[in-house]
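# Geometric and topological summary
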Amino acid sequence: MNSTAFTGIAELVTGDALLDGADHSEHLGLLSDAAVVVQDGLIAWVGPASQAPPADERADVGGRAVIPGFVDSHSHLVFAGDRSQEFAARMTGVRYDGGGIVTSVNATRAASDDELRALVAGRVAEMRAQGTTTVEIKSGYGLSVRDEARSLRIAAEFTPETTFLGAHVVPPEFADRRSEYVDLITGEMLAACAPHARWIDVFCEPHSARAFTEDEARVVLSAGRQAGLGLRVHGNQLGHGPGARLAVEMGAASVDHCTFLSAEDVEQLAAASDTTVATLLPGVEFSTRSPYPNARRLLDAGVSIALASDCNPGTCYSSSIPFVLALAVREMSLTPAEALLAATVGSAKSLRRKDIGVIRTGNRADLTVLDAPSFLHLFYRAGVPIARALEPGGRHGQ
Ligand SMILES: [Zn+2]
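Here goes a summary of the coordinates provided. Just so it is clear, the model here is predicted, and its values are computed rather than measured.

Conventions adopted
Residues numbered from 1 in each chain as written. Predicted model: local features only at pLDDT ≥ 70, side-chain atom pairs only at ≥ 80, totals over all residues. Heavy atoms only, no water. Core = buried A, V, L, I, M, F, W, Y, C linked by side-chain atoms within 4.5 Å. Buried < 20%, exposed > 50% of the residue type's maximum accessible area, 1.4 Å probe, protein only. Contact = heavy atoms within 4.5 Å. Pairing = 2+ DSSP bridges. Helix = DSSP H or I, 4+ residues; strand = E, 2+ residues; numbered from the N terminus. Axes fitted to C-alpha atoms, helices over the stretch in contact; angles between N-to-C directions. Parallel < 35°, antiparallel > 145°, perpendicular 65-115°, else oblique. Left-handed = near helix turned anticlockwise from the far one by under 90°. Nonpolar A, V, L, I, M, F, W, Y, C, P; charged D, E, K, R; others polar.

One finds Leu307 and Leu325 to be the most contacted residues of the largest nonpolar core, which totals 79 residues. Discounting residues that sit within four places of it in the chain, leucine 325 has contacts with Phe70, Leu307, Ala339, Leu340, Ala343, Leu378 and Phe379. Counting residues in hydrophobic clusters, the runner-up holds 15 residues, among them Ala34, Val61, Val66 and Leu367.

As structure tokens, then:
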């Protein structure tokens, strides 16, 4: 197969801590005037351009920076309908309580497979155009056996990182029969969805009457684990609660949101940092006018963190990781290097993947190019569309 040498890389962020000197605290694994050789979709060689081995083709990126493709480890892309009015209402002070999800459920159930597929394809393309090369996609706007299973079937056409979220909210037709809905999720719905899913997730949130209690969430996660799925949790979004502790207890790969964490939660997440990642979703705080979590406090305590978009129709309809990065630095006290690592190697860890998020020999050739000489421009030039996934074969839109 053909190999391609990408040259003219002014600054290469590998994310490979092994390339850093011992005193380098930020683990960016920076190389200047670098080259990357790609073969069969994998990275075959990384190093200084002057030492690059011969390749079948050369693609000069023209003095730009190259970084690992963003890993967006939390999104809800399978939905139809429009909720922009809710966003407008929240900006005037209306609080988010999880209620609007039903609006998306009705529109999603009414859409055809082809309509949903086209909507997901558009959103994935939008992400790629902003530098995201891996995306996790959840179901959760079907909430019936048929609609959850087809949401996952469609999601699986776009990514191997699919997550069954039948436990997003209790649908209105089960409002007075919560336990029956939990039985459905863990029974017939799980059986229909598990073949199309890698993960199971639950919205564990005592501050929303439509979400799930700690006990219900434990039942859902246990059933998912029995069906062979990995575990993820939506927790601690609307207030203090059991989500983070439950994620640690059950060995979940990630607890997502973490907007409200107690000192005990932070301690437990730090002790579980090899297993459970705290995934922060600052686009949600932005879009719901909520306080931002203090990511500095988590890093200082030794918690593993990730950053993701939570792209969804209700609480954050932005697919932009560069936007998330800018918020993380401006509002959550991360350095640019820490934020970039959280959205690459950190979010890869939350998906238990070692073949993405770091530019190293043998990993997937998921590269993002910046129309800038340094990764710092991602933050310095917030809002300017400088990041995009590098297409195989060297097309990079010069
Ligand atoms: Zn979410």
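Picking up after the structure, the text goes on.
The strand order E7-E8-E9-E10-E11-E12-E13 describes an open sheet built from 7 strands, whose pairing is parallel. If you trace the sheet from one side to the other, it starts and ends with strand E7 (137–138) and strand E13 (305–307), each paired once. Note that strand E10 (residues 230–235) and strand E11 (residues 254–257) share 4 bridges and pair parallel. By the bridge assignment, glycine 235 is partnered in E11 with histidine 257. Relative to the sheet, helix H4 (residues 145–155) contacts E7 and strand E8 (162–167), its axis offset from that of E8 by approximately 165°.

Attention now moves to the environment of alanine 5. With respect to the element layout, alanine 5 can be found in strand E1 (residues 3–13). Counting along the chain gives 31 residues from alanine 5 to valine 36, while the straight-line C-alpha distance between them is 5.7 Å.

Let's shift gears to the packing of helix H11 (residues 321–331) against helix H12 (residues 336–350). Following both chains from N to C, one finds H11 and H12 inclined at 140°, their axes separated by 9 Å at the closest point. Accordingly, the angle class assigned to the pair H11 and H12 is oblique. The hand of the H11/H12 crossing is right-handed. Residues Ile321, Leu325, Ala328 and Val329 of H11 touch H12, and the partners they reach there are Pro336, Ala339, Leu340 and Ala343. Its residues placed into classes, the contact of H11 with H12 shows 8 nonpolar, no polar and no charged.

To continue, consider unusual backbone geometry. Phi angles above zero are rare outside glycine, and aspartate 33 is one such case at about 45°. Structurally, aspartate 33 can be placed in strand E2 (residues 30–39). For arginine 352, which is not a glycine, the phi torsion comes out positive at approximately 55°. For arginine 352, a relative accessible area of 42% corresponds to the partly exposed category.

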